Amino acid sequence: MVTGTATALPTGTVTFLFTDIEGSTRLVQRLGPDYRDVLATHAAVIRERVASGGGIEVSTEGDSFFCVFTSAVDAVRTAAAIQTALADVPWPETGAVRVRIGVHTGEGEIGGDNYSGIDVHRAARISAAGHGGQVLVSAETHMLAVVGGFDFIDLGTHELKDLEAPQRIYQVAVSGLAAEFPPLRTASARSHNLPAMATPLIGRADDAQMIAALLARQRLITITGPGGLGKTRLALHVGGEVLERFTAGVYAVDLAPLDDPDLVTAAIAAVLDVADATTGGLAAWIGGRELLLILDNFEHVAAAAPVVADLLAAASGLRVLATSQRPLRIAGEHLVPLRPLRFDASSDDELAPAMQLFADRAGAADPSFQLTDYETDVRSLVVALEGVPLAIELAAAWASFLTPAQILERVRGRDDVLTSRRSDVDDRHRSLRSAMASGLDLLDTAQRTGLRRLSVFSGGMSLDAAEAVVGDGVDALSAMADLVDRSLIHRSLSDLSGSRFRMLEAIRVFASEELAAAGEVDRVTARHTGFFFAMAAEAARELEGERLPLWLAKLSEDWENLRAVLSRLHASSDARRGLAMIGSIWRFMQGRGRINEALLWLDRFFALPGAGERTPERARGLMAQAALRYWTGDAGLAIGDYEEAVAIARENAETTLAADALYGLATSRILSRKFDDVAAPLEEAKRLYTAAGDSIGLAHIAGAQAFAAFRKEGPSPARDSLERSVQLYREVGHRVYAAQIILALVGVALHEGRLRDAVGLGLEATELADEVGDEFLQVWSLEWMAAALVELGDIETALRLVGGAESARERIGGGWTPLSVNLDDARTRAARVVGEAAVAAGVARGRGLPLASAVELARTAASGLDGSPTPS
């Protein structure tokens with residue numbers, strides 16, 4: 001092998017390897033002239049392994065070698081091979097050669113005929129910190145070489161001579177050779193019992209940094225969270241990160257095996273090797289020593305919290321980092337609730353942490369695994385696992401047998417793929433189920449009862465809902481506070497309901513099985529159904545008033561619960577309540593883009609036995625179906641539904657129901673141009689609304705009469721009645737219907753050539769729709785604005801708005817355009833100017849616009865006009 005020269009040395013990112021013989025001066029004295037033969041044998045071994053490993057010998061000095069590799073994996077493999085080969089050499093009895101090796105990856109900068117720069121010095125200092133027989137690598141090398149299948153031991157962070165920043169150092173555990181060595185020869189060597197980490201910490205860098213910073217000013221930090229989130233792994237990582245701060249070291253004490261709080265001091269004393277295992281004895285031994293104790297799994301001995309308080313009070317140098325499923329609740333405690341890993345990327349250039357974790361662990365199970373081959377399936381999988389690290393690791397372990405899609409299928413089917421087959425995993429982490437069980441076993445009766453009853457919720461719950469469902473025998477407020485403390489339920493803030501609560505799906509599934517085992521399913525689900533059925537009934541009134549925006553948001557927040565109730569009612573063939581429920585919330589489903597789903601539910605409930613009974617519930621279902629058909633352009637079908645609903649309401653003496661059905665019947669006939677059949681239902685509805693003092697109903701009548709004039713007599717004659725109708729709707733606080741009539745006024749302005757007025761009115765309707773969060777109305781408004789913008793010459797913007805509106809209409813299941821009232825829409829108007837091909841291209845450019853972006857584009861287009869009205 002030829003020693004490297006300046007022209008042959010690789011540059012860029014390279015890996016440096018330094019070796020030297022430990023105690024070479026003593027060897028010379030012991031061996032005398034024989035040392036030359038020993039040195040030559042040592043050099044031959046190193047050169048042979050470096051050459052076969054793909055390295056280049058840069059230089060030698062005395063008994064030290066400086067080599068370079070283009071691959072970190074090759075460098076580490078070569079270092080291990082050198083140690084193995086040297087161990088097999090039959091050295092003289094009084095002169096065994098023990099070599100220390102340091103490896104570091106950095107920038108290969110050439111200076112003269114050799115390398116220069118800080119990374120060369122860093123590699124040399126790492127080598128000098130070691131002991132004979134030991135291979136040390138930097139964090140940079142570890143990160144690149146971890147894929148090589150080596151066993152690394154994390155030795156923590158150390159201060160090396162002449163280097164400003166502390167360095168993270170790992171030891172390579174070479175098979176068949178000693179793995180234990182004295183502390184490193186560094187200024188910051190600290191004692192500890194932290195285990196070597198077999199895998200890198202992923203997705204917790206921010207948490208680790210935050211906790212490490214907190215330890216500088218807090219003496220007790222508790223990482224809380226349910227089983228499976230990685231509390232232990234994070235705490236041990238942080239312990240290694242802050243090791244150099246604690247002159248007396250960092251020691252981890254696993255409390256999981258204990259079931260007696262009185263044994264905690266003994267466990268701590270055993271780890272610290274302190275003879276006096278009392279609280280006083282430990283406090284006296286620690287005293288002012290700067291020591292960090294990691295008290296892991298404290299939930300198993302929660303009653304021992306006063307021991308920690310006493311130790312902190314008596315030993316000024318002590319700091320405690322605890323992991324627990326619940327707080328210790330002692331003075332000075334700082335809580336760090338651990339959340340699942342993010343399963344959404346913050347930018348297009350990075351993977352979500354949950355996906356990174358799966359990819360890393362799947363790669364360990366199957367070295368051929370490439371995330372790019374399965375990215376969509378992996379994203380779906382980690383979403384299904386809700387970012388729970390243990391669940392992700394257990395799932396990834398099957399990557400050598402199953403594809404991510406197959407793993408996802410089994411996860412959704414609740415097959416027990418979330419079980420480890422490794423022999424070195426403790427029982428608590430052998431499966432996600434056992435991790436859940438270990439936490440639930442620590443709950444008292446009330447907490448466990450509350451948790452299993454709360455499992456009936458889907459997508460979260462308000463406090464009111466939780467109290468109603470938990471019901472008898474349990475103080476729901478107290479139980480939920482305890483469950484939040486134990487991180488079995490997560491609390492978030494809602495503008496609508498104040499505190500809102502949610503449990504991870506893995507916990508919910510486990511708790512629901514406990515609910516079934518306790519024989520409480522029927523009773524608890526009945527309470528859940530009752531609560532949300534009552535919410536829907538209340539919504540029917542609120543969705544017709546000024547509080548409509550609030551109730552659209554409120555129903556959105558609990559939509560998963562409402563959907564669960566609908567599924568339950570359908571499964572039990574409860575047609576009456578199912579139809580009544582859709583009849584109560586159809587307005588929400590229309591406004592929030594769920595028209596298709598609403599019609600699907602109606603089909604299902606109308607197909608059930610008993611759905612044909614002429615009850616008020618059937619009438620409400622028919623009216624919901626008619627309204628949704630009306631708003632999707634099937635007014636002819638809506639007429640039949642409304643006619644039957646009117647008849648049923650009269651048969652059951654339901655006057656309010658009859659009035660609403662008559663109003664719907666009249667508007668459907670107007671849209672179908674059956675003008676001769678409109679006056680009678682409107683007059684009867686007006687009489688019923690007047691008798692009931694229903695101001696919103698009377699506003700509806702005025703709106704219907706204005707709409708009839710628009711359809712029958714034309715836009716201009718209807719102008720005054722439309723404006724009066726808008727005023728009435730504003731007075732009763734109904735912004736949605738006010739916006740609908742304003743859109744008719746856009747048609748009037750278009751018809752009369754008042755183009756800027758048309759844009760302004762269209763924007764007014766768009767803003768009202770945006771205010772209340774009504775997607776259906778937003779789509780409708782954008783179509784009208786687009787028609788006005790075409791006439792003003794801004795065809796490109798108009799067609800983009802049409803594209804955004806059309807894609808949104810397809811998603812939500814319907815929406816009106818100007819064509820619905822016999823006025824040309826933007827497509828038709830633009831085609832007359834630029835042709836069909838240009839229209840199709842312009843619309844296609846807009847189809848990728850999210851609805852919110854389309855609304856913003858409409859605002860921008862309107863603001864670009866000079867604002868002066870066109871003459872009437």
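Right above here is the structure, for reference.
Scope of this entry: the structure provided in the associated data block. The structure presented is a predicted model; accordingly, all values stated were derived computationally and were not measured. For every chain, the first residue of the written sequence is number 1, and numbering continues from 1 along that sequence. Predicted model: local features are reported for residues with pLDDT of at least 70 only, side-chain atom pairs are reported and counted for 80 or more only, and whole-chain, interface and lining totals are derived from all residues. Water and hydrogen atoms were dropped before computing side-chain values, which therefore reflect all heavy atoms in the structure.

**Some words on the overall build of the protein chain**
What counts here: Think of it this way: any DSSP run of H or I at least four residues long counts as a helix, any run of E at least two long counts as a strand, and we number them from the N terminus. The globule rule is 2.2 Å times the number of residues to the power 0.38, and the radius of gyration it is compared with is taken over C-alpha atoms. Throughout, exposure labels follow a simple rule: accessible area from a 1.4 Å probe, protein chains only, divided by the maximum for the residue type, with under 20% read as buried, over 50% as exposed, and the rest as partly exposed. Positive charges are assigned to Lys and Arg, negative charges to Asp and Glu, while His and the chain termini are left out of the count. All charge positions are set by atom: Lys at NZ, Arg at CZ, Asp at CG, Glu at CD.
When helices and strands are counted, the protein chain shows 37 helices and 16 strands. At 37 Å, the protein chain has a C-alpha radius of gyration far larger than the 29 Å of a compact globule built from 872 residues. With the C-alpha coordinates of the protein chain rotated into their principal frame, the extents come out at 125 × 70 × 45 Å. Sorting the 872 residues of the protein chain into buried and exposed places 54% on the buried side. One way to put it: in the protein chain the 84 positive side-chain charges average out to a point 3 Å from where the 115 negative ones average out.

**A few points about the packing of aromatic side chains**
Each aromatic ring pair is specified by the distance between its two centres and by the angle formed by the two planes. How we decide: Two rings from Phe, Tyr or Trp (for Trp, the six-membered ring) form a pair when their centres are within 6.5 Å of each other. A pair whose planes differ by under 30 degrees is stacked, one over 60 is edge-to-face, and the rest are tilted. Working rule: Lys NZ or Arg CZ, within 6 Å of ring centre, within 35 degrees of ring normal, means a charge sits over the ring.
Under the criterion given, the structure shown has 16 aromatic pairs. Measuring from centroid to centroid gives 5.1 Å for Phe16 and Tyr115, while their planes differ by 70°, and the two rings are edge-to-face. Here Phe16, found in strand β1 (residues 12-21), pairs with Tyr115, found in strand β5 (residues 114-116); they are 99 residues apart in sequence, far enough to count as distant. Across this residue pair, the class does not change: Phe16 and Tyr115 are buried. With 4.4 Å between their ring centres and 10° between their planes, Phe18 and Phe66 make a pair best called stacked. You can see Phe18 sitting in strand β1 and its partner Phe66 sitting in strand β3 (residues 64-69), a full 48 residues away along the chain. The buried category is assigned to Phe18, whose relative accessible area is 15%. A relative accessible area of 6% places Phe66 in the buried class. One aromatic cluster is present, formed by Phe16, Phe18, Phe66 and Tyr115 through successive ring pairs. It is Lys554 that lies over the ring of Trp551; its NZ or CZ is 5.5 Å from the centre.

**Regarding the pattern of salt bridges**
Side chains that differ in sign of charge can pair as their charged atoms come close. Basically, it comes down to this: The salt bridge criterion pairs a side-chain nitrogen of Lys or Arg with a carboxyl oxygen of Asp or Glu, the two atoms within 4 Å.
What the rule picks out here adds up to 47 salt bridges. Where Glu810 meets Arg847, a salt bridge forms, and the shortest distance between an N and an O atom there is 2.6 Å. Separated by 37 residues along the polypeptide, Glu810 in helix α34 (residues 795-812) and Arg847 in the loop between α36 (836-846) and α37 (851-863) bring together distant segments of the chain. Shared partners join several salt bridges into a network, and the residues in it are Arg719, Glu723, Glu752, Arg754 and Asp757.

**Overview of the pairing of strand β12 (residues 318-324)**
Operational definition: The rule for pairing is simple: two strands pair if DSSP sees at least two bridges between them. Convention used here: a crossover is right-handed provided that the path from the first strand, over the helix, to the second strand proceeds clockwise when the strands point away from the viewer.
In terms of burial, β12 is largely enclosed, as six of its seven residues are buried. Examined bridge by bridge, strand β9 (residues 220-224) and β12 share five bridges and lie parallel to one another. Looking at β12, one finds that Thr224 is bridged to Ser324. Assessed by its sense of winding, the connection that carries the chain from strand β11 (residues 291-296) through helix α10 (residues 305-314) to β12 is right-handed.

**Regarding the sheet that holds strand β14 (residues 461-462)**
Strands pair in a sheet through their backbones, by hydrogen bonds, and they do so in one of two ways: parallel or antiparallel. Within the open sheet, the three strands sit side by side as β14-β16-β15. Their pairing is antiparallel. Where the open sheet ends on each side, the last strands, each with one partner, are β14 and β15 (490-494). Relative to strand β16 (residues 498-502), β15 is paired through five bridges, and the arrangement is antiparallel. Paired with Ser494 across the strands is Gly498, a residue of β16.

**Description of the side chain of Asp296**
Convention followed: As used in this structure description, the phrase polar contact means that two N or O atoms lie within 3.5 Å; if the pair is within protein, one of them must be able to donate a hydrogen and the other to accept it, and residues adjacent in sequence are counted only when both atoms belong to side chains. We call two residues in contact whenever any of their non-hydrogen atoms come within 4.5 Å of each other.
If you trace the backbone, Asp296 turns up in strand β11. A distance of 2.4 Å separates the side chain of Asp296 from the side chain of Thr323, its partner in a polar contact. Look past the residues within four positions of Asp296 in its chain and what remains in contact with it is Thr232, Val253, Asp254, Leu255, Ala256 and Thr323.

**A few points about helix α11 (residues 353-365)**
Cut-off, in case you're wondering: Helix span, as expected, comes to 1.5 Å for every residue beyond the first.
Its 13 residues place the ends of α11 19 Å apart at the C-alpha level, agreeing with the 18 Å of an ideal helix rising 1.5 Å per residue. Residues of α11 that are buried include every one of Pro353, Ala354, Met355, Leu357, Phe358, Ala359, Arg361 and Ala362, and no others. Packing partners of the buried residues in α11 comprise α12 (375-384), α13 (389-396) and α14 (404-412).

**So, the sheet that holds strand β13 (residues 333-337)**
What counts, and what does not: All axes are obtained by fitting lines to C-alpha atoms, using only the stretch in contact for helices, and the reported angles, taken between N-to-C directions, cover 0 to 180 degrees.
Spatially, the five strands line up as an open sheet ordered β10-β11-β12-β9-β13, and their pairing is parallel. Looking at which strands have only one partner, the edges of the open sheet turn out to be β10 (249-254) and β13. Mean inter-strand twist for the sheet, computed between neighbouring axes without regard to direction, equals 20°. Across the face of the sheet, helix α6 (residues 205-214) comes into contact with β9, β12 and β13 while running at roughly 175° to β13. Along the sheet, helix α7 (residues 231-241) makes contact with β9, β10, β11 and β12, crossing β12 at roughly 160°.

**A word on the nonpolar core**
Stated formally: Working definition of a nonpolar core: buried Ala, Val, Leu, Ile, Met, Phe, Trp, Tyr and Cys residues. They are joined through side-chain atoms within 4.5 Å.
Judged by nonpolar contacts, the single largest core of 204 residues is most densely connected at Val238, Leu321, Phe358, Leu451, Leu454, Leu555 and Leu722. With 13 residues, the single largest contributor to this core is helix α31 (residues 735-752). In this structure, Phe69, Val76, Ala79 and Ala145 belong to the second largest nonpolar core, which totals 36 residues.

**As for the side chain of Asp119**
Relative to the helices and strands, Asp119 is located in helix α4 (residues 118-128). A polar contact is formed between the side chain of Asp119 and the side chain of His104, at a distance of 2.9 Å. Sequence-distant contacts of Asp119, defined by excluding residues within four places in its chain, comprise Phe16, His104, Gly106 and Glu107.

**Observations regarding the packing of helix α22 (residues 559-571) against helix α23 (residues 575-591)**
To keep things clear, this is the line we draw: The labels follow the angle: roughly parallel below 35 degrees, roughly antiparallel above 145, roughly perpendicular from 65 to 115, and oblique for the rest. By convention, the crossing between two helices is left-handed when the near helix turns anticlockwise from the far helix through less than a right angle, and right-handed when the turn is clockwise. Residue type decides the class: Asp, Glu, Lys and Arg count as charged, Ala, Val, Leu, Ile, Met, Phe, Trp, Tyr, Cys and Pro as nonpolar, and the leftover types, Gly among them, as polar.
Close contact between α22 and α23 brings their axes to 10 Å; oriented N to C, the two are set at 150°. The orientation of α22 relative to α23 falls into the category roughly antiparallel. When the axes of α22 and α23 are compared, the crossing they make is left-handed. Along the contact surface, α22 presents Trp559, Leu562, Val565, Leu566 and Leu569, while α23 presents Arg577, Gly578, Met581, Ile582, Ile585, Phe588 and Met589. In terms of residue class, the contact of α22 with α23 is made up of 10 nonpolar, one polar and one charged.

**Remarks on the environment of Asp88**
Within the secondary structure, Asp88 is located in helix α3 (residues 72-88). Classification of Asp88 by relative accessible area gives exposed; the value is 61%. Separated by 479 residues in the primary sequence, Asp88 and Ser567 have C-alpha atoms spaced 71 Å apart.

**Quick notes on helix α28 (residues 679-692)**
This is how the line gets drawn: Our arc is simply the arc of the directions from the helix axis toward the C-beta atoms.
Here α28 is 14 residues long and its end C-alpha atoms lie 20 Å apart, about the 20 Å a rise of 1.5 Å per residue gives. Turning to α28, its buried residues number three or more, namely Pro681, Leu682, Ala685, Leu688 and Tyr689. End-on, the buried residues of α28 take up no more than an arc of 130°, which puts them together on one face. Exposed positions of α28 whose direction lies more than 90 degrees from the buried face are Ala680, Arg687 and Ala691. Looking at the buried side of α28, the elements it contacts are α27 (655-671) and α29 (695-713). Gly693 occupies a position one or two residues after α28 and carries a positive phi of about 65°.

**Structural notes on the pairing of β10**
The element β10 is extensively covered by neighbouring structure, given that five of its six residues are classed as buried. Judged from the six bridges that link them, β10 and β11 form a sheet pairing that is parallel. Each residue of the ladder has a partner; that of Val250, found in β11, is Leu292.

**Looking at unusual backbone geometry**
We note that Ser573 has phi near 60°; this positive angle belongs to a residue other than glycine. Tracing the backbone through its elements, the reader meets Ser573 in the loop between α22 and α23. Looking at Ser573, the relative accessible area reads 38%, which means it is partly exposed. Notably, Ala653 is not glycine yet its phi reads approximately 55°, a positive angle. Positionally, Ala653 belongs in the loop between α26 (635-651) and α27.

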